[in-house]
Amino acid sequence: MFWNTLLLSLRAIRRNLMRSFLTVLGIVIGVAAVVVMVTLGNGATKSVSDQISSMGSNLLMVMPGQRFGPGSDAAPSFKSADIDAIKSQISSAEWVAPITGKSATTVYQSKNWPTVVSGTTNDYFHAGNWELSAGRMFTDAEERGGKAVCVIGETVRQKLFGRQNPVGSEIRVKEFSCEVVGVLKSKGQSGMGSDQDDSIIMPLRTVQRRLTGTQDVSRFTVSVRKGASIDAATKQLTLLLRERRKIGENEEDDFRVMDTRQITQTLTSTTKILTMLLSAVAAVSLLVGGIGIMNIMLVSVTERTREIGIRLAIGALEREVLLQFLVEAVVLSSMGGIVGIVLATLSSMALAHAMNIPYLFDVKINLLSFLFSAAIGVIFGYFPARRAAGLNPIDALRHE
Amino acid sequence: MSASPLISLSGITKTYGRGHAAFQALKGIDLEIDSGDFLAIMGPSGSGKSTTMNILGCLDTPTSGSYRLKDVQVERLERSQRALLRRHCLGFVFQGFNLLPRTTALENVELPLIYRGEPASSRHEAARAALAQVGLKGWESHTPAELSGGQQQRVAIARAIVTRPEVLLADEPTGNLDTRTSREIMELIVSLNEKLGITVLMVTHEPDIAAYARRVVHFVDGFLESDERKREIL
Ligand SMILES: Nc1ncnc2c1ncn2[C@@H]1O[C@H](COP(=O)(O)OP(=O)(O)OP(=O)(O)O)[C@@H](O)[C@H]1O
Ligand SMILES: [Mg+2]
């Protein structure tokens, strides 16, 4: 009985190849659109939070001014003395890395590459969870003496050195040449869209002396000791800086302390909203696919009603006819669903690769869009049939 | 003659539509048909022949009256029981063929056997044999659109006889056929009637075709006007 029904359903599908194809296509497009959008959105969110957690979850970033981002609205920069004060007075601060940066073009032999040069201390590597893939960090003498040495990011290494080992080579940065002593292990794209590996690290003194020409520290990073409260550290740090920067009791801070949690939240909520918007667009395409299917089914209702009349007239039971239509709808819509999911998986893998974000298989959205499409197929394939199968055979045959 | 006839209609009426638009197509038909009989129904167009056939074929229900088939009171049956009656006892040839479009002749003829649950091999064999019987050997894989009207007619006949039904109902089975093919089809029907004892009920306009039957009834305006039994067969 079931095999016969399957046979009849498959024959009906083959008989109406164009209609079946269009039905499947509607579902494929809808499912694929939703799954791709959501998968990419999830990947983007994951990439953002990954990047931030690769910086460490216990970081405080301190910058002058109240604006988010680099630069300051006329608020004074920090001094090296501020860093020393924090190191000695805030016990929960494990590493304190001053950073002062400048963009510069770097040259090695015939290749050049514009990048950002950051002056800092070895604390920078510890605080930011940076590891070295080759070479070493700075020595005390290099830091103190502001020697022309640098540790380069993976991107810079690729652009300037290709396959060569850079350690020991001299690169030119602006007017001075500088020895490469180490290479950072790659961290990849950051959540903000910038490449974390595209940088050159030098001792703070070196940058101050040879590039910026001031004693200023434009921002700094503090890593909070494991187990210590980040909020307490933030509070202590704020108090200390207010005191050192001589801010009156009623005045507002002229600097900003952010912890990684906050940044994570801001950025992930942005990508989440983006994902939602994209999914909404995709859902519309699923709906449009559904309407297409509805159209195809309704157009063919007359012919199918006559077909039902014929089947009833030669002795098919109402439930056999209905089962056939149900199987037909389920076969078509699940075929569409499966093809859609396969297509979505392949294209989101490719797109995720191209966009440099991780590919995550989301079971929930795959299942959901599959079920939705199956429901559309079944509703529009089955319910018109149910009406027709309830008619007298002769009325179904006469349907116009 | 057996005590109770295979088919008995009494006081059958059929009204189409309601209110002012109502039209009474059958105005009280009484008819008894014995098992193994060969009955031709004649009458002018619109006299209610097809309506009667549809009721006899359990495709439609009468407005009033009673229809007994094989000691079963048909109007008391459920839809599904009527479907089973069609499946197991009746074969119907429609005035308008009613073949499944875009489906091969073989698959069309197989269809009633699929619903009967016949295994694939015997089903194919029976369908091929039925097509051969109506002279369509070699046309098995043609779809209705690729067949002439007469060929479609014959596929419809093959589909009706492939199950070897107890009663074959044919609404103008030779309406689209030339004289020679008509004769072949009629000879086939006569042999089914004589050799297999299939009861045949057939609508026709042509006296030549009606001549193959053993009994001829005339419809006029929803009434049964005359009923004659061929003397030579009696
Ligand atoms: N579904 C219907 N709705 C309304 N009237 C109908 C319907 N079917 C048939 N009729 C009417 O009933 C009458 C009898 O129709 P029927 O089809 O039984 O005629 P017929 O004797 O088979 O004619 P023909 O020789 O032309 O096939 C006709 O007048 C027709 O108009
Ligand atoms: Mg008729």
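Shown above is the structure to which this text applies.
What comes next is a walk through the structure. From a predicted model like this one, the values you see are computed outputs, not experimental measurements.

## A look at the coordination of the magnesium ion (ligand 2)
Geometry sets the ideal angles at a metal, namely 109.5 degrees for four tetrahedral donors and 90 or 180 degrees for six octahedral donors.
Residue and element names in this part refer to chain B.
Logical step 1: In this structure, Ser-50 (OG) and Gln-95 (OE1) serve as the protein donors to the magnesium ion (ligand 2), at separations of 1.9 to 2.4 Å. Of the two residues, Ser-50 sits in helix α1 (residues 49-56) while Gln-95 sits in the loop between β6 (90-93) and α3 (105-116), which places them 45 residues apart along the sequence.
Logical step 2: For Ser-50, a relative accessible area of 24% gives the class partly exposed.
Logical step 3: Judged by relative accessible area, which is 41%, Gln-95 ranks as partly exposed.

## Looking at the packing of helix α10 (residues 301-313) of chain A against helix α11 (residues 318-355) of chain A
Geometrically, a packed helix pair is captured by the angle between its two axes and the distance between the axes.
All names here are of chain A.
Logical step 1: Put simply, α10 and α11 touch, their axes get as near as 9 Å, and they point 140 degrees apart. When the interaxial angle is binned, α10 and α11 end up oblique. When the axes of α10 and α11 are compared, the crossing they make is right-handed. Residues Arg-304, Glu-307, Ile-308, Arg-311 and Leu-312 of α10 form the contact with α11, whose own contacting residues are Glu-318, Val-321, Gln-324, Phe-325 and Glu-328.
Logical step 2: The residue makeup of the contact of α10 with α11, split by class, is 4 nonpolar, 1 polar and 5 charged.

## Comments concerning the packing of aromatic side chains
Residues and elements named next belong to chain A.
Logical step 1: Using the criterion set out here, one finds 5 aromatic pairs over all chains in the structure.
Logical step 2: Considering the side-chain rings of Tyr-108 and Phe-161, the 4.2 Å spacing of their centres and the 40 degrees angle between planes classify their relative orientation as tilted. One end of the pair, Tyr-108, is in strand β2 (residues 93-108); the other, Phe-161, is in helix α6 (residues 154-161), and 53 residues separate them in sequence. Of the two residues, Tyr-108 and Phe-161, neither departs from the other in class, the shared state being buried.
Logical step 3: Taking 6.0 Å as the distance between ring centres and 85 degrees as the angle between the ring planes, the aromatic pair formed by Tyr-124 and Phe-125 counts as edge-to-face.
Logical step 4: The exposure class of Tyr-124 is buried, given its relative accessible area of 17%.

## What to know about the pattern of salt bridges
Logical step 1: Under the counting rule described, the total for this entry stands at 25 salt bridges over all chains.
Logical step 2: As a salt-bridge pair, Arg-79 of chain B and Glu-318 of chain A come within 3.0 Å of each other at their nearest N and O atoms. With Arg-79 of chain B in helix α2 (residues 79-89) and Glu-318 of chain A in helix α11, the pair connects residues from two separate chains.
Logical step 3: On the basis of relative accessibility, which here comes to 30%, the residue Arg-79 of chain B falls in the partly exposed class.
Logical step 4: Counted as one network, the salt bridges with shared partners bring together Arg-11 and Arg-14 of chain A together with Glu-107, Glu-110 and Arg-123 of chain B.

## So, the nonpolar core
Logical step 1: Among the nonpolar cores identified, the biggest contains 52 residues, and Ile-7, Tyr-67 and Leu-201 of chain B are the most heavily contacted of them.
Logical step 2: Examining the composition of this core, we find that 5 residues originate from one element, helix α12 (residues 363-389) of chain A, more than from any other.
Logical step 3: Every residue in contact with Tyr-67 of chain B, bar those within four places of it in the chain, is listed here: Ile-7, Ser-8, Leu-9, Ile-12, Ile-55, Leu-56, Cys-58, Val-72, Gln-73, Val-74 and Glu-75 of chain B.
Logical step 4: Met-42, Leu-113, Val-134 and Ala-156 of chain B belong to the second-largest nonpolar core, a separate cluster that totals 39 residues.

Calculation criteria
Residues numbered from 1 in each chain as written. Chains lettered and ligands numbered in written order. Predicted model: local features only at pLDDT ≥ 70, side-chain atom pairs only at ≥ 80, totals over all residues. Heavy atoms only, no water. Donors = N, O, S within 2.8 Å, 3.2 Å for Na, K, Ca; no water. Helix = DSSP H or I, 4+ residues; strand = E, 2+ residues; numbered from the N terminus. Buried < 20%, exposed > 50% of the residue type's maximum accessible area, 1.4 Å probe, protein only. Axes fitted to C-alpha atoms, helices over the stretch in contact; angles between N-to-C directions. Parallel < 35°, antiparallel > 145°, perpendicular 65-115°, else oblique. Left-handed = near helix turned anticlockwise from the far one by under 90°. Contact = heavy atoms within 4.5 Å. Nonpolar A, V, L, I, M, F, W, Y, C, P; charged D, E, K, R; others polar. Phe/Tyr/Trp six-rings, centres within 6.5 Å; stacked < 30°, edge-to-face > 60°. Salt bridge = Lys/Arg side-chain N within 4 Å of Asp/Glu carboxyl O. Core = buried A, V, L, I, M, F, W, Y, C linked by side-chain atoms within 4.5 Å.

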